[in-house]
Amino acid sequence: MGYLEEMLVRNGVIYHAPDGSSSYIEGSLVSNSLVIRDSSGWVTHKIERSSNGVDLVVRNTSTGFVEMRISGSLF
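I will try to describe carefully the structure that is included in this document.

Thresholds applied
- Residues numbered from 1 in each chain as written.
- Predicted model: local features only at pLDDT ≥ 70, side-chain atom pairs only at ≥ 80, totals over all residues.
- Heavy atoms only, no water.
- Pairing = 2+ DSSP bridges.
- Helix = DSSP H or I, 4+ residues; strand = E, 2+ residues; numbered from the N terminus.
- Polar contact = N/O pair within 3.5 Å; in protein donor to acceptor, adjacent residues only side chain to side chain.
- Core = buried A, V, L, I, M, F, W, Y, C linked by side-chain atoms within 4.5 Å.
- Buried < 20%, exposed > 50% of the residue type's maximum accessible area, 1.4 Å probe, protein only.
- Contact = heavy atoms within 4.5 Å.

## Considering the pairing of strand 3 (residues 43-49)
Relative to strand 3, strand 2 (residues 33-37) runs antiparallel, the two being bridged by four bridges. Bridged to Arg37 within strand 3 is Val43. What sits between strand 2 and strand 3 in their antiparallel hairpin is a turn of five residues, with Gly41 showing a positive phi close to 95°. Across five bridges, strand 3 lies against strand 4 (residues 56-60) in antiparallel orientation. Across the sheet, the residue bridging to His45 is Asn60, located in strand 4. Linking two consecutive strands that pair antiparallel, namely strand 3 and strand 4, is a turn of six residues; a positive phi of about 80° is found at Gly53 within it.

Structure below.
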């Protein structure tokens, strides 16, 4: 598991349920960003560059709010 995935699991954005279902990170060609899909395949979050061009933000697709900011100095 990579650093980004570990951080998202710790913050509850990616989950691994006891029944074997889980969410996962996938690349998106349409929006040139990473997306997080739930076990049904629905996009729940987008991982994008922030306005400063260095940091990453995790945006909830249903609300549009930024749930998490990841400093560019960490990766």
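## Describing the side chain of Ser23
When you line up the elements, Ser23 lands in the loop between helix 1 (3-10) and strand 1 (24-28). A polar atom in the side chain of Ser23 sits 2.9 Å from the backbone nitrogen of Tyr15.

## With respect to the nonpolar core
Counting residues in each nonpolar core, the largest one holds 10 residues, listed as Met7, Leu8, Val13, Ile14, Ile36, Ile47, Leu56, Val58, Met68 and Ile70. Those elements giving two or more residues to this core turn out to be helix 1, strand 4 and strand 5 (66-70).

## What to know about the environment of Trp42
With respect to the secondary-structure elements, Trp42 resides in the loop between strand 2 and strand 3. It is 9.4 Å that separates the C-alpha atoms of Trp42 and Ser23, two residues lying 19 residues apart in sequence. Trp42 has contacts with Ile36 and Arg37, leaving out every residue within four places of it along the chain.

## A word on the side chain of Ser50
When you line up the elements, Ser50 lands in the loop between strand 3 and strand 4. Here Ser50 falls in the buried class, since its relative accessible area comes to 9%. Among the polar contacts made by the side chain of Ser50, one reaches the side chain of Asn52 at a distance of 2.7 Å. Non-local contacts of Ser50, meaning those with residues more than four positions away in its chain, are made with Asp55, Leu56, Val57 and Arg69.

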